[in-house]
Amino acid sequence: MRVSVLLFARYREAAGAPILEIEVADPATLRAVWDAVRQQVPALRGEARPLLACNRAYARPETVVQPGDEVAVFPPVSGG
């Protein structure tokens, strides 16, 4: 199945593009989508815990993705 993945901040810079079209097996989870992104973008292979969203709502890595869903991936954020 094809999923659009929006990349933000350093993830976008590493990929050289704001959006990737990723093919994953159906059914797939957000974790599987992120693993596919990391395979396609070698610079992201060391990134293990991004913030994930599916269809504009934050979601857990176990969330099942449907064909045509929009996935967004953000680097972890810290503040103080």
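Now for a description of the structure that goes with this document. Throughout, residues of each chain are indexed from 1 in the direction in which the sequence is written. The model is predicted, so local features are restricted to residues of pLDDT at least 70 and side-chain atom pairs to those at 80 or more, both for listing and for counting; the totals for chains, interfaces and linings are taken over all residues. Computation of side-chain values: all heavy atoms of the structure, hydrogens and water removed.

Among the nonpolar cores identified, the biggest contains 21 residues, and Val5, Val24, Val37, Val71 and Val73 are the most heavily contacted of them. In this text, helices come from DSSP runs of H or I with a minimum length of four residues, and strands from runs of E with a minimum of two, each type numbered from the N-terminal end. Only strand E1 (2–7), strand E2 (19–23), helix H2 (30–40), strand E4 (51–54) and strand E7 (70–74) provide two or more residues apiece to this core. No other element matches H2, which puts five residues into this core. For this analysis, residues touch if any pair of their heavy atoms sits within 4.5 Å. Apart from residues lying up to four places away in sequence, Val5 is in contact with Pro18, Ile19, Leu20, Ile22, Val33, Val37, Val71 and Val73. Side-chain atoms within 4.5 Å are what join buried Ala, Val, Leu, Ile, Met, Phe, Trp, Tyr and Cys residues into a set we call a nonpolar core. With a 1.4 Å probe rolled over the protein chains alone, any residue whose accessible area is under 20% of its type maximum counts as buried; one over 50% counts as exposed, and the rest are partly exposed.

To continue, consider the pattern of salt bridges. Close approach of charged atoms allows side chains with opposite charge to pair. A carboxyl oxygen of Asp or Glu within 4 Å of a side-chain nitrogen of Lys or Arg is what we treat as a salt bridge. Under the definition given, this model contains six salt bridges. Between Glu62 and Arg31 there is a salt bridge, with the nearest N and O atoms lying 3.4 Å from each other. Here the residue Glu62 occupies a position in the loop between strand E5 (57–58) and strand E6 (64–65), and Arg31 occupies one in helix H2, the gap between them amounting to 31 residues. A salt bridge links Arg56 to Glu70; the nearest nitrogen and oxygen atoms lie 3.6 Å apart. Of the two residues, Arg56 sits in the loop between E4 and E5 while Glu70 sits in strand E7, which places them 14 residues apart along the sequence. Classification of Arg56 by relative accessible area gives exposed; the value is 77%.

Purely geometric numbers; function is a separate question.
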